[in-house]
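Residue-level listing of the chains:
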Amino acid sequence: QVQLVESGGGLVQAGGSLRLSCAASGRTFSSYAMGWFRQAPGKEREFVAAISWSGGSTYYADSVKGRFTISRDNAKNTVYLQMNSLKPEDTAVYYCAAHDPDTPPGEYDYWGQGTQVTVSS
């Protein structure tokens with residue numbers, strides 16, 4: 001079992017930056033691929049970014065490529081999402097998720113409670 005707690009959300013003006021953190025419990029954090037997702041009001045949840053267990057591979061949605069950076073610190077059981085050049089359309093609840101390597105690829109098995117990011121124009 002992995003428990004995930006996000007933090008770092010808030011209100012920021014367009015063009016600003018925020019860094020989200022996701023702290024994970026459990027000794028097996030370093031074996032999990034991690035992802036960030038977001039859900040805006042009235043919209044479906046969408047993929048934002050993902051990182052492999054080692055941090056050697058990262059993936060981004062086209063809408064955030066070049067502006068967001070995902071990283072992880074396995075010694076701290078934490079994954080980060082650095083968000084720069086924020087736009088109003090980035091406003092959403094952001095969720096951290098963990099993929100158990102014993103389950104099929106592409107599935108995320110554990111989710112955090114979410115943190116609100118609001119970008120004002």
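Above this text is the structure in question.
Residues numbered from 1 in each chain as written. Predicted model: local features only at pLDDT ≥ 70, side-chain atom pairs only at ≥ 80, totals over all residues. Heavy atoms only, no water.

Peer 1: Looking at this structure, I do not really get the overall build of the protein. What am I missing?
Peer 2: A tally of helices and strands in the protein yields zero helices and eleven strands. Helices and strands appear in the protein in the N-to-C order β-β-β-β-β-β-β-β-β-β-β. Against the globule reference of 14 Å for 121 residues, the protein gives a C-alpha radius of gyration of 14 Å, in line with a compact fold. Viewed in the frame of its principal axes, the protein has a C-alpha envelope of about 40 × 30 × 25 Å. (Helix = DSSP H or I, 4+ residues; strand = E, 2+ residues; numbered from the N terminus. Rg over C-alpha atoms; globule rule 2.2 N^0.38 Å.)

Peer 1: In this structure, what is going on with the pattern of salt bridges? I would like to understand it.
Peer 2: Between side chains of opposite charge, a pair can form when the charged atoms approach closely. Under the counting rule described, the total for this entry stands at four salt bridges. When the shortest N-O distance is used, the salt bridge between Asp90 and Arg38 registers 2.9 Å. Linking Asp90 in the loop between β8 (78–83) and β9 (92–99) with Arg38 in strand β4 (residues 33–39), this pair joins segments that are 52 residues apart in sequence. Among the ionic contacts, a cluster of salt bridges with common partners joins Arg38, Glu46, Arg67 and Asp90. (Salt bridge = Lys/Arg side-chain N within 4 Å of Asp/Glu carboxyl O.)

Peer 1: Would you explain the packing of aromatic side chains in this entry?
Peer 2: Geometry of an aromatic ring pair is reported as the spacing of the ring centres plus the angle between the planes. The full count for this structure, using the stated rule, is five aromatic pairs. Ring geometry for Phe37 versus Trp111: centroids 4.9 Å apart, planes at 55°, classification tilted. Of this pair, Phe37 sits in strand β4 while Trp111 sits in strand β10 (residues 110–111), and the two are 74 residues apart along the sequence. An aromatic cluster is defined as three or more aromatic residues linked by ring pairs; in this entry it consists of Phe37, Phe47, Tyr108 and Trp111. Arg45 extends its terminal NZ or CZ atom over the ring of Trp111, reaching a point 3.8 Å from the ring centre. The cationic tip of Arg72 hangs over the ring face of Phe29; the distance from NZ or CZ to the ring centre is 4.6 Å. (Phe/Tyr/Trp six-rings, centres within 6.5 Å; stacked < 30°, edge-to-face > 60°. Lys NZ or Arg CZ within 6 Å of the ring centre and 35° of its normal.)

Peer 1: Please explain the pairing of β4 as it appears in this structure.
Peer 2: A regular strand places its side chains so that they alternate between the two faces of the sheet. Of all seven residues that make up β4, six are buried, and the element is covered over most of its length. Alignment of β4 against β9, held across seven bridges, turns out to be antiparallel. Bridge pairing links Phe37 to Tyr95 in β9. Looking at chain direction, β4 and strand β5 (residues 46–51) are connected through five bridges and run antiparallel. Each residue of the ladder has a partner; that of Arg38, found in β5, is Glu46. In this structure, the hairpin formed by β4 and β5 is closed by a connection of six residues, where Gly42 is found at a positive phi of approximately 75°. (Buried < 20%, exposed > 50% of the residue type's maximum accessible area, 1.4 Å probe, protein only. Pairing = 2+ DSSP bridges.)

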